[in-house]
Amino acid sequence: MKKASPMKQNDWPVIGVSGGLLVLFIIASIINPDAVGRFVTITFGWAAAWFGGFWQLLLLGTFIIAMYLAFSTYGKVKLGNKDAPEFATGKWLSIIMCTLLAGGGVFWAAAEPIYHFMELPPVFSGIEGSSMEAAGPALAQSYLHWGFLAWAVLGTLSTIVLMHAHYEKGMPLKPRSLLYPIFGEKIAKNSWIGSTIDICSIIAVAAGTIGPIGFLGTQAGYGIETLIGIPNEYPAQLAIIAGLVVIASISAVTGIHKGIQWLSSFNVWFTVVLIAAILLAGPGGFIIDMFISSFGIYVQEFPRMATFRGDDDWLGLWTIFFWGWFLGYGPMMAIFITKISRGRTIRQLVLSVAVIAPIVTNFWFTIVGGTGIFYELNNSGSVSGPLYEGGMPASMMAIVQQLPLGGVLTFSFLIVTILFVITTTDSMAYTISMVVSGKEEPHPGVRVFWVTAMGSAAACLLFIGEGSVDALQSFIVVTAVPVSIILLPTLWLAPRAAKQMAQNQGIYKK
């Protein structure tokens, strides 16, 4: 019997609608960017106002229930019908961390603590900005946005549900299977409900990935101009994006066990070297002290920061923006983590993804942002001035260039940033390809198509203007509205799935 070609096996309705809506956004941005900007601003405000409080409770509930499962009897459950993990723990964690952090791992790490240091978040009202007393709360707020809650919603409860639905019930490894316990096997067929779930998830993660690709073009262009004088204009930005597409395509084609794993491991080790260099050559003592004290503030003020609702404008700019971004990645990241986490126990999954990875991320934010605060305290305006004038890439450059061997470190930070975005791009292209093809090992041509499509979309938006990339970044929050509704049932479906798997494995008896 003749096999169907890989292209014929694709879910074309899902591809057509999700891809068509993204193309429509780009065309509309070309025709009338001002109207698109107004539309995004209005819908962003609506999403933040009506869903912001719900998202805060959803992320908090996800983390609490995930921790309960990890430390209960269900923590012993092995996931994915596999006795041993495919990846060593270090390689597994490096893939997960590099996939999530994208460009935020450098530019937000440099800029966000400085923003909060200059102007304290309203939850810490009464503390004078730009003072030594402001340093700890500023870092603690950054820890919240890149900490336990953000990581938990990306790969704990949703992963547990997918592990049970796919590997034990035979459901496809697609976002629609998150609702299999509610709708049953009919969700696996080409039902309009299943297709809608997949479409919403693909649009959200594609928007969330296209934004950082375009963002990288402008930010890396700024760094290259600073280092060697090539103007940060569209040709240079286009060349950066083209290089990213080529490398990400190669990585995606070679697969998770080769390209994606190798790039992730290399990026983590390269980052470790950078951390050591900054600790030794920079304000190492200050960084260690600030991490310990700021983490203490984070833990102590965690309930108050996580549930703060006192300033809608500030929340929309910060916490709700980040929660929308991470929620948009939720279903597709869960698919990716499901793919690479077979053989792990629930306890290993939750503690690694929702505890260890956030703590490592928070330490990295202290390395970069804490160094910036140190220099700002000793020389007011040395970091905040470039940040307010030139944006996030300027703050990163201002921090690094005050360190010994600033030129070498600046180049190194650019390499790390580019690698973070590449690993996110190839991993998400691989995941989207799994969803649209229905295969865990999608055809290389499909993977390359999605890398190229996201890179081309970012290049088009940059050609229109940087404001179009910013608009897409804000639109991520709007796409998170349907995705958050999809993820809500995991609060009770994950414990149910954990119980069923525990019974099947003889860990829990009725």
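Every value quoted in this text rests on a predicted model; they were computed, and no experiment measured them. (Residues numbered from 1 in each chain as written. Predicted model: local features only at pLDDT ≥ 70, side-chain atom pairs only at ≥ 80, totals over all residues. Heavy atoms only, no water.)

**Here we look at the overall build of the chain**
Then, number 1: Scanning the chain for helices and strands turns up 22 helices and 0 strands.
Then, number 2: What you see for the chain is a C-alpha radius of gyration of 22 Å, in line with the 24 Å of a compact globule of 510 residues.
Then, number 3: Reported as C-alpha extents along the three principal axes, the dimensions of the chain are approximately 70 × 50 × 40 Å.
Then, number 4: Long-range contacts, defined as pairs at least 24 residues apart, comprise 83% of the intrachain contacts of the chain with a sequence gap of at least 6.
Then, number 5: Of the roughly 19000 Å² of accessible surface on the chain, a fraction of 66% belongs to carbon and sulfur atoms.
Then, number 6: The chain carries 26 positive and 25 negative side-chain charges, and their two centres are separated by 24 Å. (Helix = DSSP H or I, 4+ residues; strand = E, 2+ residues; numbered from the N terminus. Rg over C-alpha atoms; globule rule 2.2 N^0.38 Å. Contact = heavy atoms within 4.5 Å. Areas by Shrake-Rupley, 256 points an atom, 1.4 Å probe, with all protein chains shown as cover. Lys, Arg positive; Asp, Glu negative; His and termini not counted. Charge placed at Lys NZ, Arg CZ, Asp CG, Glu CD.)

**Description of the pattern of salt bridges**
Then, number 1: Summed over the entire model, instances satisfying the criterion amount to 8 salt bridges.
Then, number 2: The salt bridge partner of R176 is D198, with a shortest N-O separation of 2.7 Å. With R176 in the loop between α7 (157-168) and α8 (180-183) and D198 in helix α9 (residues 192-228), the pair connects residues that are 22 residues apart, well separated along the chain. Across this residue pair, the class does not change: R176 and D198 are buried.
Then, number 3: Two residues, R309 and D312, come together in a salt bridge whose shortest N-O distance is 4.0 Å. (Salt bridge = Lys/Arg side-chain N within 4 Å of Asp/Glu carboxyl O. Buried < 20%, exposed > 50% of the residue type's maximum accessible area, 1.4 Å probe, protein only.)

**Topic: the packing of aromatic side chains**
Then, number 1: Under the counting rule described, the total for this entry stands at 36 aromatic pairs.
Then, number 2: Measuring from ring centre to ring centre gives 5.5 Å for W46 and F51, while their planes differ by 65°; the resulting arrangement is edge-to-face.
Then, number 3: By relative accessible area, which is 17% here, F51 ends up buried.
Then, number 4: Three or more aromatic residues link up through ring pairs in this structure, and these residues are W108, Y115, W146, W318, F321, F322, W325, F326, F365 and Y388. (Phe/Tyr/Trp six-rings, centres within 6.5 Å; stacked < 30°, edge-to-face > 60°.)

**What to know about helix α6 (residues 148-155)**
Every α-helix carries 3.6 residues per turn, so stepping three or four residues along brings you back to the same face.
Then, number 1: Burial of α6 is extensive: 8 of the 8 residues sit out of reach of the surface.
Then, number 2: When we look at burial in α6, the residues that qualify are F148, L149, A150, W151, A152, V153, L154 and G155.

**Side note on empty space enclosed by the protein**
Then, number 1: One pass over the structure, following the stated rule, counts 5 cavities of 30 Å³ or more.
Then, number 2: Its boundaries defined by the atoms lining it, the second largest cavity holds a volume of some 40 Å³.
Then, number 3: Along its surface, the second largest cavity is lined by T62, V153, L157, S158, L487 and T490.
Then, number 4: Tallied by class, the residues present in the lining of the second largest cavity amount to 3 nonpolar, 3 polar and no charged. (1 Å grid on protein atoms, 1.4 Å probe; cavity = no way out; pocket = protein on both sides within 12 Å on 5 of 7 lines; lining within 4 Å. Points joined across faces, edges and corners; volume = space filled by probe spheres on them. Nonpolar A, V, L, I, M, F, W, Y, C, P; charged D, E, K, R; others polar.)

**Details of unusual backbone geometry**
Then, number 1: The residue N81 is not glycine, and still its phi comes out positive at about 55°.
Then, number 2: Tracing the chain through its elements places N81 in the loop between α2 (33-71) and α3 (89-101).
Then, number 3: Of note, S130 is a non-glycine position whose phi angle comes to about 65°, a positive value.
Then, number 4: Structurally, S130 can be placed in the loop between α4 (107-118) and α5 (132-145).

**Describing a nonpolar patch on the surface**
Then, number 1: Together, V23, I27, I30 and I31 line one region of the surface with nonpolar side chains, adding up to about 400 Å² of accessible area.
Then, number 2: Summarising the element assignment, I31 is placed in helix α1 (residues 12-31). (Patch = residues over 30% accessible without salt bridge, like charges linked within 9 Å, V, L, I, M, F, W, Y side chains within 5 Å.)

**Description of the layout of surface pockets**
Then, number 1: Space inside the largest pocket adds up to approximately 700 Å³.
Then, number 2: For the largest pocket, the lining is made up of 25 residues, of which W108, F321, D470, Q473 and S474 are closest to its centre.
Then, number 3: Taken together, the elements giving at least two residues each to the lining of the largest pocket come down to α2, α4, α9, α14 (312-317), α18 (392-400) and α21 (466-487).
Then, number 4: When residues of the lining of the largest pocket are assigned to their parent elements, the largest contribution, 6 residues, is made by α21.
Then, number 5: Class assignment of the residues belonging to the lining of the largest pocket gives a composition of 12 nonpolar, 11 polar and 2 charged.
Then, number 6: If you add up the space inside the second largest pocket, you get close to 350 Å³.
Then, number 7: If you go around the second largest pocket, you meet 23 residues; those closest to its centre are G19, V23, F449, W450 and A453.
Then, number 8: Looking at the lining of the second largest pocket, the elements with two or more residues in it are α1, α9 and α20 (444-464).
Then, number 9: With 10 residues, the single largest contributor to the lining of the second largest pocket is α20.
Then, number 10: Classifying every residue of the lining of the second largest pocket gives 19 nonpolar, 4 polar and no charged.

**Section: the environment of E225**
Then, number 1: Relative to the helices and strands, E225 resides in helix α9.
Then, number 2: In the structure, E225 is positioned 183 residues away from V408 in sequence and 15 Å away in space, judged by C-alpha atoms.
Then, number 3: Every residue in contact with E225, bar those within four places of it in the chain, is listed here: I230, P231 and N232.

**Notes on the environment of S94**
Then, number 1: Looking at the secondary structure, you find S94 in helix α3.
Then, number 2: We classify S94 as buried; its relative accessible area is 4%.
Then, number 3: Along the primary structure S94 and S264 are separated by 170 residues, whereas in three dimensions their C-alpha atoms are 5.5 Å apart.
Then, number 4: Aside from chain neighbours lying at most four places away, what touches S94 is S264, S265 and V268.

**As for helix α19 (residues 406-437)**
Then, number 1: Taking 1.5 Å per residue, 32 residues should reach 46 Å; α19 reaches 46 Å between its end C-alpha atoms and fits that length.
Then, number 2: The buried fraction of α19 is high, at 27 of 32 residues.
Then, number 3: Phi turns positive one or two residues past the end of α19, at G438, with a value near 75°. (Expected span 1.5 Å × (residues − 1).)

The quantities given are spatial measurements derived from coordinates; they are silent on function.
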